[in-house]
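# Notes for the structure review
Letter by letter, the chains look like this.
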Amino acid sequence: MGTSALVTPKVRIPWGRPTVGEQETRYVAEALRSTWISGGAFVERLESDFAAFLGVRHALAVSNGTAALHVAYMAVGIGAGDEVILPALTFPSCAAMVLACGATPVFVDCDAATLGIDPAGTANAIGARTRAIVPAHLFGSVCDLAPLLETAHDTGVALIEDAAEAFGARYDDVPVGSIGTVGCFSLHAAKTVTAGEGGVVVTNDDDIATRVRLLRSHGFGPGRHYWSQIPGFNYRLTNLQAAIACAQLERVASILETRRRIGARYRELLCRIPGVRSQSVPGRARMSLWVQAIVLEPDRFPQGPDAVRASLLERGIETRPMFEPIYKLPAYERYAVSCPVAEHTAAWGLSLPVFEEMTDGDVVEVCTALGELVS
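The written sequence of each chain sets the order in which its residues are numbered from 1. Confidence filtering applies because this is a predicted model: local features only for residues at pLDDT of at least 70, side-chain atom pairs given and counted only at 80 or more, and all residues used for totals across whole chains, interfaces and linings. Only heavy atoms go into the side-chain values, all of them from the structure, while hydrogens and water stay out.

### Thoughts on unusual backbone geometry
Backbone geometry at Asp172 places phi at a positive 55°, although glycine is not the residue there. With respect to the secondary-structure elements, Asp172 resides in the loop between strand E6 (170-171) and strand E7 (174-175). Positive phi, close to 60°, is recorded for Leu289, a residue that is not glycine. Under the scheme used here, helices are H or I runs from DSSP no shorter than 4 residues and strands are E runs no shorter than 2 residues, and both carry numbers assigned from the N terminus.

Written as structure tokens, this is what we have:
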């Protein structure tokens, strides 16, 4: 997301800020001069570069991360009467698109350490109507995928990775998003690699890729204009947006290394603050760090996380609250379950700033300010 409406003048260390340079400007200008403003060469290049980076057969650009989830669900056949297992603690778009398909979300608690969906709870939630499991790799960390993949394989359901926040993270040295049946990414302005807005669906399944191509563009197939083979949507990414993302991908190694360095410095300093627990990463994984998620201990921060965030903002440091458990939101209350870890994490969690131009001094300042609030 953009920061113009979110950052007040007194903020010196924003929660997030996209870095856009001269190459992005040049590529957008090139797209404009080509007159291919909607589709065009940059969309094709983005899909090719994305697929190469992730080592997959197909990468299909769409208008946003929510659209990526929607067409992924539909492409694996999720529909009325089906159930989809989702993490209780994540952004609500994954549940919204389940409902858009006419299916039912089934929420599972999160693991207290990784904040990813709990593998044992996932296995227990499988039922006769389960069609897919959707692990969300939160904040640039990685879910423990091995047991989730085993459950999906043993029960014959799809595993759809929501990797919107974890571009560049790896599990067993394989890029996340490329491991399940389908992977979904976001190119939102706040994400690690941005197009301003956009999304990408990746898969190694030729049939799923064909269906995604139809779904994203009104059901139109090749060879005949305006001929809808299936009902579809206008979920295409523009050439202008793709131009920005192509420039970002050219320096993706530097982006990821910078974020990992920031994450390592955060972990070094946060472990010295009593009552602060950082999100952990499974031993088989390497995170890419979208934002730095922490959970506060109530006895060390009796003022509560809202007061902590307000105190940090007074010092010019912008933070964000944790996601609410989806079933606590008014739109999803009818699907409520008991997920105590997710509820505690939402109540006592927050995310600290991470952006590409963040300095070591900024990280030290954030951690110092947080440490001074410990009781």
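### Quick notes on the pattern of salt bridges
Here a salt bridge means any side-chain nitrogen of Lys or Arg lying within 4 Å of a carboxyl oxygen belonging to Asp or Glu. Applying the stated criterion across every chain, the model contains 19 salt bridges. For Arg26, the salt bridge is made with Glu22, and the minimal N-O distance between the two is 3.7 Å. Residue Arg26 and its partner Glu22 are located together in helix H1 (residues 22-34), separated by 4 residues, close to a single helical turn. A residue is classified by how much of its surface remains accessible, and Glu22, at 61% relative accessible area, is exposed. Each residue gets one of three labels from its accessible area relative to the maximum for its type: buried under 20%, exposed over 50%, partly exposed in between, using a 1.4 Å probe on protein chains only.

### Thoughts on the pairing of strand E12 (residues 292-296)
A regular strand places its side chains so that they alternate between the two faces of the sheet. Summarising burial for E12: 5 of the 5 residues are buried, a large majority. Neither face of E12 is open: one carries Gln292, Ile294 and Leu296, the other Ala293 and Val295, and all of them are buried. Bridging between strand E10 (residues 276-278) and E12 involves 3 bridges; their strand directions are antiparallel. Across the sheet, residue Arg277 finds its bridge partner in E12, namely Val295. Strands pair, by our definition, only if DSSP identifies at least two bridges between them. Note that E12 and strand E14 (residues 349-352) share 4 bridges and pair antiparallel. If you follow Ala293 over to E14, its bridge partner there is Ser351.

### Brief notes about the packing of H1 against helix H8 (residues 239-250)
Where H1 contacts H8, the axes come no closer than 8 Å and their chain directions differ by 150°. Note that H1 runs across H8; the crossing there is right-handed. Between H1 and H8, the residues in contact are Gln23, Glu24, Tyr27, Val28, Ala31, Leu32 and Ser34 and Asn239, Leu240, Ala243, Ile244, Cys246, Ala247, Gln248 and Glu250, respectively. Its residues assigned to classes, the contact of H1 with H8 shows 9 nonpolar, 4 polar and 2 charged. Helix axes are fitted only over the stretch in contact, all axes being lines through C-alpha atoms; the angle between N-to-C directions runs from 0 to 180 degrees. Left-handed is the label given to a crossing in which the near helix is rotated counterclockwise from the far helix by less than a right angle, and right-handed is the label when the rotation is clockwise. Whether two residues are in contact is decided by their heavy atoms, any of which lying within 4.5 Å being enough. Here the term charged refers only to Asp, Glu, Lys and Arg, the term nonpolar to Ala, Val, Leu, Ile, Met, Phe, Trp, Tyr, Cys and Pro, and the term polar to all other amino acids, Gly among them.

### Topic: the side chain of Thr203
Residue placement: Thr203 occurs in strand E9 (residues 199-203). When its relative accessible area of 3% is taken as the criterion, Thr203 is described as buried. By the criterion applied in these results, polar contacts are pairs of N or O atoms within 3.5 Å in which, for protein atoms, one can donate a hydrogen and the other can accept it, and in which residues neighboring in sequence qualify only through two side-chain atoms. Side-chain polar atoms of Thr203 contact the backbone nitrogen of Asp205, separated by 3.1 Å. Not counting the four nearest positions on each side in its chain, Thr203 is found in contact with Val56, Arg57, His58, Thr181, Val182, Ile208 and Ala209.

### Side note on the sheet that holds strand E11 (residues 285-286)
Strand order in this open sheet of 3 strands is E7-E6-E11, and the pairing throughout is antiparallel. What marks the edges here is a single partner per strand, and that holds for E7 and E11. Here E6 runs beside E11; their pairing, made up of 2 bridges, is antiparallel. Each bridged residue has a counterpart across the sheet, and for Arg170 the counterpart in E11 is Arg286.

### Some points on the nonpolar core
Within the largest apolar cluster, 56 residues are counted, with the highest numbers of intra-cluster contacts made by Tyr73, Ile78, Leu86, Phe139 and Ile160. Setting aside chain neighbours within four positions, we find Ile78 in contact with Tyr73, Val84, Cys101, Ala103, Arg131, Ala132 and Ile160. Nonpolar cores are built from buried Ala, Val, Leu, Ile, Met, Phe, Trp, Tyr and Cys residues. Side-chain atoms within 4.5 Å join them into one set. If you look at the next biggest cluster of nonpolar residues, it comprises 44 residues, including Ala31, Val142, Tyr171 and Val200.

### Points about the state of the cysteines
Two cysteine sulfur atoms form a disulfide, by the criterion used here, when they sit within 2.5 Å. Evaluated as defined, the whole model comprises 0 disulfides. Free of any disulfide, Cys101 has its nearest neighbouring cysteine sulfur in Cys184, separated by 11 Å. Cys110 supplies the cysteine sulfur nearest to Cys143, a cysteine that is in no disulfide, at a spacing of 9.9 Å.

### Structural notes on H1
What a helix is expected to span follows from its residue count: subtract one and scale by 1.5 Å. In a regular helix each residue adds 1.5 Å, so 13 residues correspond to 18 Å; H1 covers 18 Å between its end C-alpha atoms and thus fits that length. Those residues of H1 that fall on the buried side of the exposure criterion are Glu24, Tyr27 and Ala31. Projection of H1 onto a plane perpendicular to its axis shows the buried side chains occupying an angular sector of 70°, all on one side. Turned more than 90 degrees away from the buried face of H1 sit Glu22, Thr25 and Arg33, all of them exposed. Buried residues in H1 make contact with helix H2 (41-54) and H8. Note that the arc is computed from the directions linking the helix axis to the C-beta atoms.

### Quick look at the packing of aromatic side chains
Note on ring pairs: Phe, Tyr and Trp rings are taken, using the six-membered ring of Trp, and paired if centres are within 6.5 Å. Classes follow the plane angle, with under 30 degrees stacked, over 60 edge-to-face and the rest tilted. On inspection of all chains with the given rule, the structure shows 12 aromatic pairs. Seen in terms of ring centroids, Phe167 and Phe185 are 5.8 Å apart; in terms of plane orientation they differ by 80°. Their pairing is edge-to-face. Here Phe167, found in the loop between strand E5 (158-162) and E6, pairs with Phe185, found in strand E8 (residues 182-186); they are 18 residues apart in sequence, far enough to count as distant. Phe185 shares its class with Phe167; the two are buried. For the pair Phe233 and Tyr235, a centre-to-centre distance of 4.9 Å together with 15° between the ring planes defines the contact as stacked. On the basis of relative accessible area, Phe233 is assigned to the partly exposed category, the value being 24%.

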